[in-house]
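Chain residues, written in single-letter form:
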Amino acid sequence: MDERRSPSPCSSRPSSPMTPPCEMLGSVGIEAVLDQLRIKAMKTGFEFNIMVVGQSGLGKSTMVNTLFKSKVWQSSLPNLEVPMPQTLELHSMTHVIEEKGLKLKLTVTDTPGFGDQINNDKCWDPILSYINKQYEQYLQEELLITRQRHIPDTRVHCCVYFVPPTGHCLRPLDIEFLRRLCRTVNVVPVIARADSLTIEERDAFRSRIQQNLKTHCIDVYPQKCFDEDINDRLLNSKIREQIPFAVVGADREHLVNGRCVLGRKTKWGIIEVENMAHCEFLLLRDLLIRSHLQDLKDITHNVHYENYRVLRLNESHQLPRGPGWVNLAPASPGQLMSPGPVKARKRANKDSREDEC
C-alpha cells in the first residue's frame, strides 16, 4: 500500500500544480512587500524610452505632448526657408515628469526625415542601427568586471509607428519597416490624424491594415505568444482587435459645455482627444502608460535585448567564462543594422518559443 507524504510546511520549494501551497497558520506580513516596493519606486522612479516614427506632418510631436500632458517635444513650425533634411536624423530628448511624488525619466526619440525622400530605400537602417546601438551600450556595461550599481537604460522600450491616413492599406514602406523592426523592438502602429477619416473609413482602413499584418507575418505589440495567463490573453485580445489605434493629438484646451477639454478646433467643431466617440487616444495612453508600461520594459529586456545579447556573444565566440567576457569586440555597423533572431524568451526560466509566423 503506497503512502502519500504531505508536503513539509518548511519546504522552500516554490508551489506548482503538483505541489499545493503550504497552509499558513497566521499572517506573517508578506503583503508588506508591496509597501516596500512602492517606497523604493517612489525614491528611485522609473525610466521609459519611447521612439516615434512616421512621415513629417503626422503629428508625432503633438501626440507625445498629449500622451504625457507636458511640453515634452517642441514641434518646429513649417518654414519655407528651412530645407528638408536630406537624410534620416534621430533626435533624443530626456525629461523628468513627476506626478503625485512619482518620477518618470522619459526619453523621446524622434526620426525627422523618415519616408520624406523620393528614394526611401533602406531608410529604416539608421533606426535599426540606433536601437541596436543602445543594446550594445547596455551589453558593454554588463560585461564589465566592476559594474555600476545601476546601469543607465537607454534601450528603446516602445516604437510608435504613425501610419498615414490614406484609407487604403499599408504601403510597401510601412510593411518593410514593420517587418524588420518588430523583431528588434516593441512596435505599436497607430493611424495618425484619424479625424481626416469618417468612422466607416477608419474601421475599413483598420481591417485592411490588420489583414496586411497577418499576411506578412508582422507581430506587433502585444505579441500573442507572450500572453502568460488567461487574464493577459483576454486583455491583450481586446487590444489586438483595436490595433492600430485611430488617434488624434492636441496639446491645447478648449471650453466645451462649461468644461476644459484637450482637443483640436476646426470650423466644424472641436475634436476631443479624450472622447472615445471622437478617437482612440485613450486606448493608446492606457496601453503605453497605465496597463503595459512595465510589460514593455520586461519584453525589451527579456526578449529583444536577450536576443541581441545571445547573437553578439555567439558571433564573438566568447563563451560565458568569467573575465573573458570583457574581451567582447565592439559591434560593427553591419552587426548593428542586422535584424535579430526570431526566437525569444520572456522569462529566464521559460523555454524558448518561436513566433507564430
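Look above for the structure.
The structure presented is a predicted model; accordingly, all values stated were derived computationally and were not measured.

**Focus on the overall build of the protein chain**
- Along the backbone of the protein chain there are nine helices and nine strands.
- Put simply, of all contacts in the protein chain between residues at least 6 apart along the chain, 69% involve residues at least 24 apart.
- Approximately 21,400 Å² of the protein chain is accessible, and the part contributed by carbon and sulfur atoms is 53%.

**Here we look at the pairing of strand E1 (residues 46–53)**
- The buried count for E1 comes to seven of eight residues, which makes it a mostly enclosed element.
- Bridge count for E1 against strand E3 (residues 102–110) is seven bridges, and the pairing is parallel. Residue pairing for E3: methionine 51 is matched across the bridge by threonine 109.
- Pairing geometry for E1 and strand E4 (residues 158–163), over four bridges, is parallel. Looking at the pairing, valine 53 lines up with tyrosine 161 of E4.

**A few points about the nonpolar core**
- Counting 78 residues, the largest nonpolar core has Phe48, Phe177, Leu181 and Leu284 as the members making the most contacts within it.
- Considering each element in turn, this core owes the most residues, seven residues, to helix H3 (residues 125–142).
- Excluding its chain neighbours within four sequence positions, the residues that come into contact with phenylalanine 48 are Phe68, Leu104, Lys105, Leu106, Thr107, His157, Cys158, Leu288, Leu293, Leu296 and Lys297.

**Section: a nonpolar patch on the surface**
- Taken together, the side chains of Met24, Val28, Ile30, Val33, Leu34 and Leu37 present a nonpolar region at the surface, about 630 Å² in accessible area.
- Using a relative accessible area of 55% as the deciding quantity, one classes isoleucine 30 as exposed.

**Describing the sheet that holds strand E8 (residues 259–266)**
- Sheet architecture is open: three strands sit in the order E7-E8-E9, paired in antiparallel fashion. Strands at the two margins of the open sheet, each flanked by one partner only, are strand E7 (253–256) and strand E9 (269–272). The average angle at which neighbouring strand axes cross in this sheet is 70°, direction not considered.
- Here four bridges tie E8 to E9, and the two strands are oriented antiparallel to one another. Within E9, the residue paired with lysine 265 across the bridge is isoleucine 270.

**Some details on the packing of aromatic side chains**
- Within the structure shown, the criterion is met by six aromatic pairs.
- Note on phenylalanine 114 and tyrosine 161: the rings are 6.1 Å apart at their centroids and 85° apart in plane angle, and the pair reads as edge-to-face. On the criterion of sequence distance, the pair formed by phenylalanine 114 in the loop between E3 and H3 and tyrosine 161 in strand E4 is long-range, its members being 47 residues apart.
- Relative accessible area serves as the criterion here: at 1%, phenylalanine 114 is assigned to the buried category.
- On the basis of relative accessibility, which here comes to 0%, the residue tyrosine 161 falls in the buried class.

**Section: the pairing of strand E2 (residues 91–99)**
- With nine bridges connecting them, E2 and E3 associate as antiparallel partners. By the bridge assignment for E3, methionine 93 is matched with valine 108.
- A loop of two residues connects E2 with E3, the two strands running antiparallel in sequence, and lysine 100 in this loop sits at a positive phi of about 55°.

**What about the environment of glutamine 134?**
- Locating glutamine 134 in the fold gives a position in helix H3.
- Residue glutamine 134 is classed as buried on the basis of its relative accessible area of 6%.
- A sequence separation of 19 residues divides glutamine 134 from aspartate 153, and the C-alpha atoms of the two residues are 8.2 Å apart.
- In contact with glutamine 134, not counting residues within four places along its chain, are Thr154 and Arg155.
- A polar contact is formed between the side chain of glutamine 134 and the side chain of threonine 154, at a distance of 2.8 Å.

**Some points on helix H5 (residues 199–215)**
- The end-to-end C-alpha distance of H5 is 24 Å, a good match for the 24 Å that 17 residues give at a rise of 1.5 Å each.
- Along H5, the residues that are buried comprise Arg202, Phe205, Arg206, Ile209, Asn212 and Leu213. Along the axis of H5, the buried positions cluster into a sector of 125°, meaning they face one direction only. Away from its buried face by more than 90 degrees, H5 exposes Glu200, Lys214 and Thr215.
- Cysteine 217, located one to two residues past H5, shows a positive phi value of around 55°.

**Describing the pattern of salt bridges**
- Summed over the entire model, instances satisfying the criterion amount to 13 salt bridges.
- Between arginine 206 and glutamate 280 there is a salt bridge, with the nearest N and O atoms lying 2.8 Å from each other. Separated by 74 residues along the polypeptide, arginine 206 in helix H5 and glutamate 280 in the loop between E9 and helix H7 (281–291) bring together distant segments of the chain.
- On the basis of relative accessibility, which here comes to 6%, the residue arginine 206 falls in the buried class.
- The buried category is assigned to glutamate 280, whose relative accessible area is 5%.
- A salt bridge links glutamate 274 to arginine 285; the shortest N-O distance between them is 2.8 Å. Remark: arginine 285 occurs in helix H7 and glutamate 274 occurs in the loop between E9 and H7; sequence separation between them is eleven residues.
- Accessibility expressed as a relative area gives 8% for arginine 285, which makes it buried.
- A cluster of three or more residues bridged by salt bridges with shared partners is formed by Glu176, Arg179 and Arg180.

The rules we used
Residues numbered from 1 in each chain as written. Predicted model: local features only at pLDDT ≥ 70, side-chain atom pairs only at ≥ 80, totals over all residues. Heavy atoms only, no water. Helix = DSSP H or I, 4+ residues; strand = E, 2+ residues; numbered from the N terminus. Contact = heavy atoms within 4.5 Å. Areas by Shrake-Rupley, 256 points an atom, 1.4 Å probe, with all protein chains shown as cover. Buried < 20%, exposed > 50% of the residue type's maximum accessible area, 1.4 Å probe, protein only. Pairing = 2+ DSSP bridges. Core = buried A, V, L, I, M, F, W, Y, C linked by side-chain atoms within 4.5 Å. Patch = residues over 30% accessible without salt bridge, like charges linked within 9 Å, V, L, I, M, F, W, Y side chains within 5 Å. Salt bridge = Lys/Arg side-chain N within 4 Å of Asp/Glu carboxyl O. Axes fitted to C-alpha atoms, helices over the stretch in contact; angles between N-to-C directions. Phe/Tyr/Trp six-rings, centres within 6.5 Å; stacked < 30°, edge-to-face > 60°. Polar contact = N/O pair within 3.5 Å; in protein donor to acceptor, adjacent residues only side chain to side chain. Expected span 1.5 Å × (residues − 1). Arc of directions from axis to C-beta.

Purely spatial values, then, with no claim about function.
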